[in-house]
Amino acid sequence: MSRRAAAGLLAATAVILSACASPAGERTSGGASSGVSVTSCGQRLTFAKTPARAVTLDQSATETLLALGLAGRMAGTAFRKAEISPPYRADYGKVPVLSAKMLTAEGLRAANPDVAVASFTAMFTKDRVGTREELRGIGLPTYVSAVDCPKDGPAGATPFDLLFRDYRNYGHIFGVSDRANRLVAEQRKVLDEAARLRRNLKGSPSVAYVYSVFNGTPYVAGKGGIPSEISRLTGVRNVFDDVGEQWPQVTWEAVAQRRPDVIVLGDLTTAASPAGNTAAQKLATMRAHPTLSRLPAVRDNRTITVTAIEMDPGVRSVNVLRALVDGVRRFGHAD
Amino acid sequence: MPTEPEPETPAVSLLHPAARALPVDEDGAPAAAHRRSGRSLAALFALGLAVLGASIAVSVRIGVSDLGYGEIGRALGVRLGLPVEPLPGLVDSLVWDLRLPRVLLAAVVGAMLAVCGTVLQAVTRNALADPYLLGVSSGASTGAVALVVLGVGAGQVGITGAAFAGGLASFGLLMLLLRRDGLDSARIVLTGVIVGQLFSAITSVILMSSADAETNRAITHWLLGSMAPARWNTVVICAVAAVVGLAVTWLYATPLDGLSFGADTAASIGVEVRTTRLVLLTVTALLASSAVAAVGAIGFVGLIVPHGVRFVVGPLHRVLVPFAALAGAVFLVWTDALARIVFSPQEIPVGAVTALLGVPLFLLVLRRRGEL
């Protein structure tokens with residue numbers, strides 16, 4: 001009992017301290033054990049001490065934390081959808097894999113985490129790990145990527161702005177702000193370089209992003225996600241930008257009708273993905289389609305392969321940007 | 001079927017008058033009743049209760065992380081105000097917020113579905129009747145999808161409420177379509193199928209028009225039936241529904257016996273056929289809607305358990321209904337335990353397990369009864 005009371009007192013002190021002594025998201029003092037609080041998707045998370053047992057619920061969250069050098073502060077990962085990116089592989093091996101697919105509510109609790117991190121609010125439902133309110137009630141703070149919570153961010157914030165806000169928040173929570181700021185600066189540079197493509201475009205090329213194919217129909221990038229923002233940055237128009245959802249299910253006919261000049265194909269290779277979803281299989285499906293096979297982008301293989309999860313918000317999202325810029329140049333749509 | 005009444009023996013006198021017209025074996029007892037006396041039935045029921053208790057006690061330990069009785073005892077003890085050391089917060093939550101309600105809900109829902117199936121098989125005189133025959137699961141999924149996709153409100157409690165409302169809406173439509181005739185069995189079945197198809201179509205249209213991959217996944221998963229969303233509030237709601245449903249069904253045991261021989265027979269022994277059917281259909285719709293709203297459409301329990309139990313204790317509803325409830329509870333407690341551990345640390349929807357286990361059991365029962 002006394003331990004609980006002490007913890008409660010500590011938490012209360014932290015709340016008071018952070019409320020009166022510091023603006024949101026700032027450390028109260030230099031010490032590693034002082035209180036930190038950040039806002040995540042409508043909830044204020046307060047950490048009396050730096051979390052040491054973080055659990056990530058999906059690969060993008062996993063790799064983002066690994067990129068910040070936090071392997072030693074993680075108690076487990078789950079739901080790997082693709083190969084781990086080479087720079088993070090060694091660190092990934094040091095953290096227990098709690099589940100190959102979605103973590104269950106019991107699995108999360110059994111790992112005894114002190115924070116749960118996810119890229120999507122949809123992870124926090126009763127049939128998955130439990131709702132965020134419920135987990136908050138048992139003293140487990142949950143961080144959800146700001147990209148999946150655009151209403152919460154400042155007006156006019158782009159998905160990359162929100163992604164960088166995640167990095168800074170992780171920096172505050174785990175006491176690695178320097179590293180987080182460095183990562184923001186690096187990726188900001190990639191964005192600025194990619195934006196220069198605009199000036200060198202020939203005509204007005206367009207692109208379709210195909211994430212996955214399920215029951216024979218594709219899920220493509222609509223408006224509001226990372227791909228749509230990549231299109232905005234580079235000036236390579238997303239042909240489904242008029243659909244107000246991030247990943248709408250459309251027909252192959254609709255893809256053919258909108259005549260994208262290039263197609264970005266998401267590569268999904270692990271067992272956690274639906275079958276027939278490698279980039280090569282997607283291309284084969286399109287080649288076998290009577291209408292789509294006549295589309296110049298398909299006929300002449302003007303396709304760009306990226307790891308599908310890189311189109312989700314995460315530390316690897318800038319790779320899609322690089323790949324698109326390279327591809328558009330390679331296919332002669334820009335100098 | 002007008003036959004001469006057999007000379008009455010104690011076993012036969014237990015029967016509803018309509019049942020006494022059944023073919024009987026040489027001892028004078030109906031062949032299907034297996035000559036069980038009241039006392040041996042009581043003993044069998046007590047044994048069933050013990051099996052259910054043991055099943056709950058054993059399966060509560062089984063899951064992604066196996067628990068010891070010490071931990072379960074401590075979680076319970078703290079709630080009862082006993083002087084035990086509380087578990088660490090997250091383990092306590094695993095035991096108290098997830099595992100216990102889940103196992104109890106499996107028992108409650110299993111009982112609800114089995115009773116539902118028993119009643120509908122009698123009312124519609126259709127051996128293939130199951131709790132979703134009236135289309136409530138389709139209606140419930142329409143309600144849930146409409147809420148998720150069209151965004152009317154939010155949160156999991158919202159989904160449960162919307163699913164329940166959808167189930168009742170489909171039942172309301174069914175009753176509206178059936179209002180002109182005397183709730184004839186064949187019409188109930190056909191209209192139920194039609195209403196179910198209509199609501200499935202609406203669900204598909206909503207999903208296809210505006211849902212993303214994530215919503216599709218959530219709904220598909222939910223439609224298969226999963227005990228994962230079980231929490232104490234759903235246990236309480238379902239337990240209340242189950243008690244009410246069981247009580248009403250038990251009160252209507254004799255009319256149910258009559259109805260299983262057809263409306264004419266039932267009417268000839270004084271059963272108010274239309275009212276009785278209306279009451280029983282309403283009760284099953286409420287039971288099925290509550291179950292579906294809580295954990296999705298878990299298949300096969302409501303179809304197989306009544307047949308299996310009828311095979312053991314005979315067709316008298318006074319006996320059949322409580323035994324079906326017991327058997328359904330035990331069956332779902334164990335299938336859900338399997339769903340938790342077969343592909344651990346992942347869980348599979350319990351609906352997949354009930355079908356995998358249910359199909360061979362169903363075949364076995366039909367074979368034994370010489371119907372296949």
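Residues numbered from 1 in each chain as written. Chains lettered and ligands numbered in written order. Predicted model: local features only at pLDDT ≥ 70, side-chain atom pairs only at ≥ 80, totals over all residues.

K.L.:
Where do I start with the overall build of chain B in this structure?
P.N.:
The helix and strand inventory of chain B stands at 15 helices and zero strands. Counting all 372 residues of chain B, 49% fall into the buried class. Residue pairs in contact within chain B that sit at least 24 positions apart in sequence constitute 73% of those at least 6 positions apart. (Helix = DSSP H or I, 4+ residues; strand = E, 2+ residues; numbered from the N terminus. Buried ≥ 20, exposed ≤ 12 C-beta atoms within 10 Å, placed from the backbone. Contact = placed C-beta atoms within 7 Å.)

K.L.:
Help me understand the overall build of chain A in this model?
P.N.:
Each helix and strand counted, chain A has 13 helices and twelve strands in total. Every one of the 335 residues in chain A was classed for burial, and the buried ones make up 51%. For chain A, the proportion of contacts with a sequence separation of at least 24, taken over those separated by at least 6, is 62%.

K.L.:
Where do I start with the confidence of the model for chain A in this structure?
P.N.:
Low-confidence regions, as indicated by low pLDDT, have predicted coordinates that should not be scrutinised in detail. Residues and elements named next belong to chain A. Per-residue confidence for chain A gives a mean pLDDT of 88, with 89% of residues at or over 70. Averaged over each element, pLDDT in chain A is lowest for helix 1 (residues 2-21) (44) and highest for strand 3 (residues 54-56) (98). Here residues 1-33 scores under 50 on pLDDT; set against residues more than four positions off or in separate chains, the count is 29 contacts. (pLDDT = per-residue confidence, 0-100.)

K.L.:
Would you explain the interface of chain B and chain A in this entry?
P.N.:
Size of an interface: often given as the accessible area lost when the parts come together. Across the contact, 24 residues belong to chain B and 25 residues belong to chain A. Of all the elements in the fold, those that place two or more residues in the side of chain B that touches chain A are helix 4 (89-123) and helix 8 (213-224) of chain B. The element best represented in the side of chain B that touches chain A is helix 4 of chain B, accounting for seven residues. Class assignment for the residues of the side of chain B that touches chain A results in eleven nonpolar, eight polar and five charged. (Nonpolar A, V, L, I, M, F, W, Y, C, P; charged D, E, K, R; others polar.)

K.L.:
I'm lost on the environment of lysine 282 of chain A in this one. Help?
P.N.:
Residue and element names in this part refer to chain A. Take lysine 282: it is sitting in helix 11 (residues 279-288). On a C-alpha basis, the gap between lysine 282 and aspartate 267 in space is 8.6 Å, while along the polypeptide they are 15 residues apart. Once you skip the residues sitting within four places of it in the chain, lysine 282 turns out to touch Val210, Val213, Leu265 and Asn277.

K.L.:
What's the story with unusual backbone geometry in this structure? I'm lost.
P.N.:
Among all residues except glycine, the phi angle is most often negative; among peptide bonds, the trans geometry is most common. Residue and element names in this part refer to chain A. Even without glycine at this site, phenylalanine 79 takes up a positive phi of about 60°. Of note, phenylalanine 79 is situated in the loop between strand 4 (74-78) and helix 3 (86-92). Judged by local crowding, phenylalanine 79 falls into the buried class, with 24 C-beta atoms found within 10 Å.

K.L.:
Please explain the sheet that holds strand 7 (residues 142-144) of chain A as it appears in this structure.
P.N.:
Residues and elements named next belong to chain A. With parallel pairing, five strands are arranged side by side in an open sheet as 5-4-3-6-7. Of all the strands in the sheet, the pair left with one neighbour each is strand 5 (97-99) and strand 7. Neighbouring strand axes in the sheet, compared pairwise and without regard to direction, differ in orientation by 25° on average. (Pairing = 2+ DSSP bridges. Axes fitted to C-alpha atoms, helices over the stretch in contact; angles between N-to-C directions.)

K.L.:
For this particular structure, what's the right way to read the pairing of strand 8 (residues 206-214) of chain A?
P.N.:
Two faces belong to every sheet, and in a regular strand the side chains alternate between them. Residues and elements named next belong to chain A. Summarising burial for strand 8: eight of the nine residues are buried, a large majority. Bridge count for strand 8 against strand 10 (residues 237-238) is two bridges, and the pairing is parallel. Within strand 10, the position partnered with serine 206 by the bridge is arginine 237. With four bridges joining them, strand 8 and strand 11 (residues 262-267) adopt parallel strand pairing. Within the sheet, the bridge partner assigned to valine 210 lies in strand 11 and is leucine 265. One ladder, built from four bridges, connects strand 8 with strand 9 (residues 217-220); its direction is antiparallel. The residue bridging phenylalanine 214 from the neighbouring strand is threonine 217, located in strand 9. Linking two consecutive strands that pair antiparallel, namely strand 8 and strand 9, is a turn of two residues; a positive phi of about 50° is found at asparagine 215 within it.

K.L.:
What am I meant to see in the nonpolar core here?
P.N.:
Soluble, globular proteins show a tendency: their nonpolar side chains are buried together. Membership of the largest hydrophobic core comes to 155 residues, with the highest contact counts inside it found for Leu57 of chain A together with Leu105, Val109 and Met112 of chain B. Of all the elements, helix 4 of chain B adds the most residues to this core, at 22 residues. What leucine 105 of chain B contacts, discounting residues up to four positions off in sequence, is Met227, Ala230, Thr234, Val235, Cys238, Ala294 and Val295 of chain B. Counting residues in hydrophobic clusters, the runner-up holds 45 residues, among them Val207, Tyr209, Ile230 and Val306 of chain A. (Core = buried A, V, L, I, M, F, W, Y, C linked by C-beta atoms within 7 Å.)

K.L.:
What is the right way to read the confidence of the model for chain B from this model?
P.N.:
Residues and elements named next belong to chain B. On average, chain B scores 83 in pLDDT, and the residues at 70 or more come to 85%. Segment residues 1-34 is flagged for pLDDT under 50; beyond a separation of four residues in sequence, or across chains, it makes 45 contacts in the model. Interface confidence for the predicted complex, given as ipTM, is 0.78, next to a pTM of 0.82.

K.L.:
Explain the packing of helix 3 (residues 69-79) of chain B against helix 4 of chain B here, please?
P.N.:
Two quantities define a packed helix pair, namely the angle between the helix axes and the distance between the axes. Residue and element names in this part refer to chain B. Two elements in contact, helix 3 and helix 4, have axes separated by 9 Å at closest approach and are oriented at 85°. Comparing their axes, helix 4 and helix 3 come out roughly perpendicular. Note on element contacts: helix 4 touches helix 3 through Val91, Asp92, Val95 and Trp96, opposite Glu71, Ile72 and Ala75. Of the residues that constitute the contact of helix 3 with helix 4, the class distribution is five nonpolar, no polar and two charged. (Parallel < 35°, antiparallel > 145°, perpendicular 65-115°, else oblique.)

K.L.:
Would you take a moment to explain helix 14 (residues 317-341) of chain B for this structure?
P.N.:
The end-to-end C-alpha distance of helix 14 of chain B is 35 Å, a good match for the 36 Å that 25 residues give at a rise of 1.5 Å each. Summarising burial for helix 14 of chain B: 21 of the 25 residues are buried, a large majority. (Expected span 1.5 Å × (residues − 1).)

K.L.:
I keep staring at helix 4 of chain B and nothing clicks. Help me out?
P.N.:
Structural remark: α-helix, 3.6 residues per turn; residues separated by three or four positions point the same way. All names here are of chain B. Look at helix 4: 49 Å from first C-alpha to last across 35 residues, which is about the 51 Å you get at 1.5 Å a residue. In helix 4, a bend of some 30° at arginine 99 exceeds every other bend along the element, and proline 101, a proline, comes one to four places later. The element helix 4 is largely enclosed, with a buried count of 31 among its 35 residues. (Bend = angle between axes of the 7 residues up to and from the residue.)

K.L.:
Explain the environment of leucine 163 of chain A here, please?
P.N.:
Residues and elements named next belong to chain A. Checked against the element boundaries, leucine 163 lands in helix 6 (residues 159-174). Overall, leucine 163 belongs to the buried group, with 25 C-beta atoms counted inside 10 Å. Sequence separation between leucine 163 and isoleucine 309 is 146 residues; the distance between their C-alpha atoms is 14 Å. Beyond its immediate chain neighbours, meaning those up to four positions away, leucine 163 contacts Val147, Pro313 and Ser317.

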